[in-house]
Amino acid sequence: MRLTAAEGLGYRSDGLFVREAVFSGAEIEELRDAAERVVRLAAGSLGSGDRYSIDGNRYVEANDTTVQLEHSPGSSTIRVIEPFHHFDRRFERLGGGARGGGPRGGGRGSAPGWRGDAH
C-alpha cells in the first residue's frame, strides 16, 4: 500500500502519519491480546536474563529479546520489548506488510527510514 500525498506530507513534516480504519475491531482485540501475552512472557523471563544499564536505562536480555524497564530505580515495569514478533504469530499475520506499516525498504511511496522499534 503506497502512501497518499497527505500521508507523505505528514511523514515529512511530523515524522509520522496516521492511517485510520486499517484493522477491524476484532483484529485490534486480537493484537491487544497478543501484546498482553508478550508482556507476560517477557515479564516471566526478567529474573533469568542478563541485566545491564546504559546511560541510566535498564535492560534485560532474555529469550533472544531485549527488554527495557522503566527508568525508576527498582521498577520492574516493562517499557520496551524488542523484537517481540517471535513471541506471538498474530503480529506477523495481522500486522505485517503494508497494512501494518511493516518495512518497505524506504523506497518511493513508503516511509523512509522505517524502523520497527519504539524510537
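Keep in mind that this is a model prediction, so the values were computed, not measured.

Summed over all chains, the structure comprises 5 salt bridges. A salt bridge links Asp88 to Arg37, with the nearest nitrogen and oxygen atoms 3.6 Å apart. Note that Asp88 is positioned in the loop between strand S4 (78-82) and helix H3 (90-95) and Arg37 in helix H2 (residues 25-44), a separation of 51 residues in sequence. You can call Arg37 partly exposed: its relative accessible area is 33%. Asp88 is paired through a salt bridge with Arg90; the nearest N and O atoms lie 2.8 Å apart. Note on Asp88: relative accessible area 7%, which makes it buried. Classification of Arg90 as partly exposed rests on a relative accessible area of 22%. Through salt bridges that share partners, Arg37, Asp88 and Arg90 make up one connected network.

Definitions and cut-offs
Residues numbered from 1 in each chain as written. Predicted model: local features only at pLDDT ≥ 70, side-chain atom pairs only at ≥ 80, totals over all residues. Heavy atoms only, no water. Salt bridge = Lys/Arg side-chain N within 4 Å of Asp/Glu carboxyl O. Helix = DSSP H or I, 4+ residues; strand = E, 2+ residues; numbered from the N terminus. Buried < 20%, exposed > 50% of the residue type's maximum accessible area, 1.4 Å probe, protein only.

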